[in-house]
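# Commentary on secondary and tertiary structure
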Amino acid sequence: MLVTGNDILVPARAGKYGVGAFNTNNMEITQAIIHTAEKLRSPVIVQMSEGAIKYGGQDLANIVIDIATRATVPVALHLDHGSSYENALKAIKMGFTSVMIDASHHSFEENVRETRRVVEAAHAMGISVESELGRLGGIEEHVVVDEKDAFLTDPGEAVQFVEETGTDYLAIAIGTSHGAYKGKGRPYIDQARIERIGELVSIPLVAHGSSGVPAEIVGRFRDSGGEIGDAAGIADEDLRLACQHGIAKVNVDTDLRLAMTVGVREVLTKNPKEFDPRKVFGPAREVMAGIVEHKMGVLGSVGKA
Ligand SMILES: O=C(COP(=O)(O)O)N(O)CCCCOP(=O)(O)O
Ligand code: NA
Ligand SMILES: [Zn+2]
């Protein structure tokens, strides 16, 4: 069933488990996400960035809404990294049940102002809101403390931000970053900071940049002709721990992109004569479903629907 972000995330925060928020850009990705959630009896969030909306528009949103509505587990459709009040409202008009207003690159005051505007409008329509405080960005071990603090979310500011905006859930900067290169070796994630913020703030917390970039997928990507540097993602153990301390929404896009590409490349390199799209995108869907299944196991959302 299609539900709001709060319907899924408030129980997740209370139950100390994480719910995957997986980005989609087509039908097969959407099916891999929602069908796997049904198989595992797990709630799930399907999210579309503004780039995905540009790519697939209402056509793609309708595919998500239709599959989510018929699904036997709770599914929310979330606007990822909404960049303006207007775009957040447009997404609600398209049928989204959760929207992010990402004004974290503005000053604290401007971020509060913009976020509060979206919260008021979205709440008037029964839609949940994600906002962000702090700067997403890979933190290398050598970064000096004050520079690190400039990036990461300040616990005291988080309390004030939540009070002044009424945001339903909050994306915090804890050392993760988008993409396949999250730092040398085991990417840094500031567990103490998550724990501190989780103690002070009771709403669900959001971790962006949470793809694991699993070595097995990276290996298959290279073996099927892909080119990728020394990619690294967030360790499963770090994600599991983060969900014990208040992280409830866990954003994953890169892992699905890698999985889809691996599926397509492996078919096309193994069977150069193949040109039936179902024989290309079908196997890609299976690889993605495997990624979704692994992630739900790590986050602890299996059986929670
Ligand atoms: O936090 C994440 C994903 O993090 P990840 O890269 O670790 O998967 N996200 O919010 C996904 C960001 C997707 C942006 O995609 P566009 O190219 O459409 O703008
Ligand atoms: Na988001
Ligand atoms: Zn993000």
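What counts and how
Positions within a chain are numbered from 1, following the residues in the order the chain's sequence is written. Starting at A for chains and at 1 for ligands, labels are handed out in the order in which the entities are written. Restriction of local features to residues with pLDDT of at least 70 applies here, the model being predicted, together with a cutoff of 80 or more for giving and counting side-chain atom pairs; totals for whole chains, interfaces and linings are based on all residues. Hydrogens and water molecules were not included; the side-chain quantities draw on all heavy atoms of the structure. UniProt positions are given in the numbering used here, feature names are shortened, and annotations may be inferred rather than shown by experiment. Put simply, DSSP H or I for four residues or longer makes a helix, DSSP E for two residues or longer makes a strand, and each gets a number counted from the N terminus. We define a polar contact as two N or O atoms separated by no more than 3.5 Å, with the added condition that, inside protein, one atom must be a possible hydrogen donor and the other a possible acceptor, whereas residues neighbouring each other in sequence contribute only through side-chain atom pairs. The contact rule is simple, with two residues in contact once any of their heavy atoms fall within 4.5 Å. Donor criterion used throughout: N, O or S atom within 2.8 Å of the metal, extended to 3.2 Å for Na, K and Ca. Water excluded; incomplete-looking sites may result. When four donors show all angles between 85 and 135 degrees the site is tetrahedral, when four or six donors have opposite pairs over 155 degrees and all other angles between 65 and 115 it is square planar or octahedral respectively, and in every other case it is irregular. The cut-offs for exposure are 20% and 50% of the maximum accessible area for each residue type, with area from a 1.4 Å probe on protein chains only; residues under the lower value are buried, those over the upper are exposed, and the others partly exposed. Note on aromatic pairs: the rings of Phe, Tyr and Trp (six-membered ring only in Trp) are paired at centre separations within 6.5 Å, and the planes decide the class, stacked below 30 degrees, edge-to-face beyond 60, tilted for the rest.

If you look the protein chain up in an unreviewed UniProt entry, it shows as Fructose-1,6-bisphosphate aldolase, class II from Deinococcus aetherius. Quoted verbatim from the Cofactor (unreviewed entry) field of the UniProt record, the comment on the protein chain reads "Zn(2+)".

## A short note on the side chain of Glu130
Looking at where Glu130 falls in the secondary structure, it is placed in strand β5 (residues 128-133). Polar contacts involving the side chain of Glu130 include one to the side chain of His208, which spans 2.7 Å. A polar contact of 2.7 Å, which involves the side chain of Glu130, links it to the side chain of Lys249. Apart from residues lying up to four places away in sequence, Glu130 is in contact with His78, Val99, Met100, Ile101, Thr167, Tyr169, Ala171, Val206, His208 and Lys249.

## A few points about the coordination of the sodium ion (ligand 2)
Ligation of the sodium ion (ligand 2) by protein atoms is provided by His78 (NE2), Asp80 (OD), Met100 (SD), Glu130 (OE), Glu130 (OE) and Lys249 (NZ), these donors lying 2.6 to 3.1 Å from the ion. The site at the sodium ion (ligand 2) holds six donor atoms, and with the angles between them running 44 to 169°, its shape is irregular. One chain supplies every donor for the sodium ion (ligand 2), spaced along it as H-x1-D-x19-M-x29-E-x118-K. Distance-wise, the zinc ion (ligand 3) is placed 5.5 Å from the sodium ion (ligand 2). His78 gets classed as buried once you look at its relative accessible area, which sits at 0%. On the basis of relative accessible area, Asp80 is assigned to the buried category, the value being 6%.

## Points about the side chain of Gln47
Within the secondary structure layout, Gln47 lies in strand β2 (residues 44-49). Owing to a relative accessible area of 0%, Gln47 belongs among the buried residues under this scheme. Excluding anything up to four places from it in sequence, Gln47 contacts Ala21, Phe22, Asn23, Thr24, His78, Asp80, Lys249 and Asn251.

## Some thoughts on the coordination of the zinc ion (ligand 3)
Here the zinc ion (ligand 3) is held by His81 (NE2), His178 (NE2) and His208 (ND1), and the distances to it run 2.0 to 2.1 Å. Sequence spacing of the donors to the zinc ion (ligand 3): H-x96-H-x29-H. Classification of His178 as partly exposed rests on a relative accessible area of 45%. Note on His208: relative accessible area 1%, which makes it buried.

## Brief notes about the packing of aromatic side chains
All told, the structure shown has one aromatic pair when counted by the stated rule. Here the aromatic rings of Phe108 and Phe161 are separated by 6.0 Å at their centres, their planes lie at 70°, and the arrangement is edge-to-face. Of this pair, Phe108 sits in helix α5 (residues 108-124) while Phe161 sits in helix α7 (residues 155-165); the two residues are 53 residues apart in sequence, bridging distant segments of the chain. Each of the two residues, Phe108 as well as Phe161, counts as buried.

## A closer look at the environment of His35
With respect to the element layout, His35 can be found in helix α2 (residues 27-39). On the basis of relative accessibility, which here comes to 41%, the residue His35 falls in the partly exposed class. Here the alpha-carbon distance between His35 and Val302, two residues 267 residues apart in the chain, equals 13 Å.

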